[in-house]
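Residues per chain, in single letters:
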Amino acid sequence: MREQSGSWMLGGMVVLVLSGVLSLAHAEPYELSKNDVMDPKGITSDSVSLFGVKLGDSEAKALDVLVNEKISGIKAEQEATFIFLLDQRKPTGPMAGVRVQDGKVDLIFINNRFAHKTRGIFRNVLNSESPDDIRKLLGKEEYGDENVMGAVMAYDKQGFQVNYLGKDINIEFSLSH
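Computed from a predicted model, the values in this text were never measured in an experiment.

Undergrad: Help me understand the packing of aromatic side chains in this model?
TA: The relation between two aromatic rings is expressed through the spacing of the ring centres and the mutual angle of the planes. Taken as a whole and judged by the stated rule, the model has 8 aromatic pairs. Ring plane angle 15 degrees and centroid distance 5.8 Å describe the contact between Y30 and F122, whose orientation is recorded as stacked. With a gap of 92 residues between them, Y30 in strand 1 (residues 30–31) and F122 in helix 3 (residues 121–126) connect regions that are remote in the sequence. Ring centres 5.2 Å apart and planes at 25 degrees place the aromatic pair Y155 and F160 in the stacked group. A single burial state applies to Y155 and to F160, both of which are buried. Here the aromatic residues Y30, F122, Y155, F160 and F173 are joined through ring pairs into a cluster of three or more.

Undergrad: Explain helix 4 (residues 131–138) here, please?
TA: Among the residues of helix 4, those classed as buried are P131, I134, R135 and L138. Take helix 4 and look down its axis: the buried residues cluster within an arc of 100 degrees, on one side only. Looking at the buried side of helix 4, the elements it contacts are helix 3, strand 8 (143–147), strand 9 (150–155) and strand 10 (160–165). One or two positions beyond helix 4, positive phi appears at G139, with a value near 90 degrees.

Undergrad: Any chance you could explain the side chain of N163 here in plain terms?
TA: With respect to the element layout, N163 can be found in strand 10. Among the polar contacts made by the side chain of N163, one reaches the side chain of Q161 at a distance of 3.0 Å.

Undergrad: Any chance you could explain the pairing of strand 9 here in plain terms?
TA: Within strand 9, 5 of the 6 residues are buried, leaving the element largely enclosed by the surrounding structure. Relative to strand 9, strand 8 is paired through 5 bridges, and the arrangement is antiparallel. By the bridge assignment for strand 9, Y143 is matched with A154. Counting the residues between successive antiparallel strands, the hairpin from strand 8 to strand 9 contains 2 residues.

Conventions and cut-offs
Residues numbered from 1 in each chain as written. Predicted model: local features only at pLDDT ≥ 70, side-chain atom pairs only at ≥ 80, totals over all residues. Heavy atoms only, no water. Phe/Tyr/Trp six-rings, centres within 6.5 Å; stacked < 30°, edge-to-face > 60°. Helix = DSSP H or I, 4+ residues; strand = E, 2+ residues; numbered from the N terminus. Buried < 20%, exposed > 50% of the residue type's maximum accessible area, 1.4 Å probe, protein only. Arc of directions from axis to C-beta. Contact = heavy atoms within 4.5 Å. Polar contact = N/O pair within 3.5 Å; in protein donor to acceptor, adjacent residues only side chain to side chain. Pairing = 2+ DSSP bridges.

Shape is all these values report; function is a separate question.
Shown next as structure tokens:
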């Protein structure tokens, strides 16, 4: 009887340790419009959401949340495979959105027009003055291309890419990492 309870306790401890390791593997949730996540190492594309829509969500959910529900100050438009979010005050172009392919959200993007709605580290990224400012916030990119026109900075292990073109900054989150 004593041996059985010892093995039961050992099994329980293994389960606790494994669940702790698994929970560490998942990054902290980051709702782009609400959470003040500032540690770039804690951000992966699968932990990012845009008004509750995450990568891998169904097209029906994306349409329901982004188009059918009214989001204060935002006008939503569906165009081909994209759902674009525009600032109602200055609807000059999309400030954020998602792409739906094969019935699932496979890309989330935000740009500097969305900076006023963004919380956390990406608000600072969207307001950056140079690629070096972005590196100070996010760390060195895995690879990229920088020239006189701007920079493409890939953070593939975390599932996002930053495109810098002067005051135009675009961040794309995808599951292809």
